[in-house]
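Summary of structural features
So the chains spell out like this:
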Amino acid sequence: MRLYAAVAAGGFRRHATYRVATAAGVFTNTVFGFILAFTYIALWDERPRLGGYDMSEALAYVWIGQALLAACGLMGGGFEDELMERIRTGDIAVDLYRPADLQLWWLSAALGRSGFLLLGRGVAPLAVGALAFDIALPEQSLTWLAFLLSVALGAVVSFAVWFLVALSAFWLMDGQGVVQVAWLSGMFFSGMLLPLHVFPGALGEVARVLPWSSMLQVPADVFLEKRTGWGLVEAYAFQGGWALVLLLAGRALQAAATRRVVVQGG
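Read on for a plain summary of the structure. Residue numbers restart at each chain and count upward from 1, following the sequence in its written direction. Only residues with pLDDT of at least 70 get local features here, since the model is predicted, and only at 80 or more are side-chain atom pairs given and counted; chain-wide, interface and lining totals rely on the full set of residues. With hydrogens and water excluded, all non-hydrogen atoms of the structure serve as input to the side-chain values.

**Overview of the packing of aromatic side chains**
For Phe, Tyr and Trp, rings pair up if their centres lie within 6.5 Å, where Trp contributes its six-membered ring, and each pair is then called stacked (planes under 30 degrees apart), edge-to-face (over 60) or tilted (otherwise). Tallied over the full model, the rule gives 17 aromatic pairs. Consider the rings of tyrosine 40 and tryptophan 44, whose centres lie 5.1 Å apart with planes at 15 degrees: the pair is stacked. Here tryptophan 44 and tyrosine 40 lie together in helix α2 (residues 19-46), a separation of four residues that amounts to about one turn. With relative accessibility at 2%, the residue tryptophan 44 sits in the buried group. Relative to phenylalanine 189, the ring of phenylalanine 188 has its centre 5.0 Å away and its plane inclined at 90 degrees; by these criteria the two rings are edge-to-face. Exposure remark for phenylalanine 188: the relative accessible area of 33% places this residue in the partly exposed category. Counting every residue linked through ring pairs, the aromatic cluster contains Phe34, Phe38, Trp63 and Phe133. Only runs of H or I of at least four residues qualify as helices and only runs of E of at least two qualify as strands under DSSP, and these elements are numbered from the N terminus. Three exposure classes are used, based on accessible area relative to the maximum for each residue type with a 1.4 Å probe and protein chains only: buried under 20%, partly exposed in between, and exposed over 50%.

Here it is as structure tokens:
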């Protein structure tokens, strides 16, 4: 485990070196936060309590989304392009023969990256949103810890999704189509555009049980204290369940990929 802890720390340090990119990301998240916030204000003026959120909760949701956009990989896990390139060039064969688990290696690096992005690109936009708008904040101090745990679980689910996307390159000539589908699914079904509670009927019910809701909708509900007590336990169970299922699917796909490499190498 010391190896994977070192990989996670390395992932944190690696992304901490990109200071200009981090500053640009904070600026971009903040600008889009303002655009979405004023859009939500207009929408909630017309439809108060839409989706069960009052105005301050809806505005908080906007800024939570901007805080988690990069940390939870809603638009990409940040590693899939590199992994897919290693698959295309054949360098992945070296990785598979190393005395380290491929999935755990990339998971550790991804969690280190997510930790930095939450601090480097998440805190500042949320703070700006809290200063510029009347947003709902947790009433209980322990809610912040509950929120961080939910974010961590969301980051694991995000990694598991993008790991599956990356491994598709073993069987596809070009995995960019899968990347685009995953990107659009993440934007829509995570609740990035609108809270999933706003989605009507069967669409909303389906959207809320898909893995992408673990990346934003669930952490946002934890932050807004809409999931407390057993509801909080159910939220963690939902996120943990998806993380387990997707990670196991990734391991199965990794095993199939390894057999493919061995056969071709033999």
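**Quick look at the nonpolar core**
Counting 72 residues, the largest nonpolar core has Leu68, Phe79, Leu83, Phe159 and Phe170 as the members making the most contacts within it. Here this core gets 13 residues from one element, more than from any other, and that element is helix α7 (residues 142-167). Residue types Ala, Val, Leu, Ile, Met, Phe, Trp, Tyr and Cys, when buried and joined through side-chain atoms within 4.5 Å, form a set referred to as a nonpolar core.

**A look at a nonpolar patch on the surface**
Patches draw on residues past 30% relative accessible area with no salt bridge. Two like charges within 9 Å are joined, as are two nonpolar side chains (Val, Leu, Ile, Met, Phe, Trp, Tyr) within 5 Å. Each accessible area is a Shrake-Rupley result for a 1.4 Å probe, and residues are judged covered by the shown protein chains and nothing else. Salt bridge, as used here, is a side-chain nitrogen of Lys or Arg placed within 4 Å of a carboxyl oxygen of Asp or Glu. Taken together, the side chains of Phe27, Val31, Phe32 and Ile35 define a hydrophobic patch exposed on the protein surface, amounting to about 410 Å² of accessible area. Here phenylalanine 32 lies in helix α2.

**Considerations on helix α1 (residues 2-16)**
Expected span of a helix, by definition, is 1.5 Å for each gap between consecutive residues, and there is one gap fewer than residues. With 15 residues, α1 extends 21 Å from end C-alpha to end C-alpha; this agrees with the ideal 21 Å at 1.5 Å per step. Listed as buried for α1 are Tyr4, Val7, Gly11 and His15. End-on, the buried residues of α1 take up no more than an arc of 60 degrees, which puts them together on one face. Opposite the buried face of α1, by more than 90 degrees, sit the exposed residues Arg2 and Arg13. At its buried positions, α1 is contacted by α2 and α6 (102-132). Here the arc refers to the set of directions running from the helix axis out to each C-beta atom. Residue contacts follow a heavy-atom distance rule, with two residues in contact if any of their heavy atoms lie within 4.5 Å.

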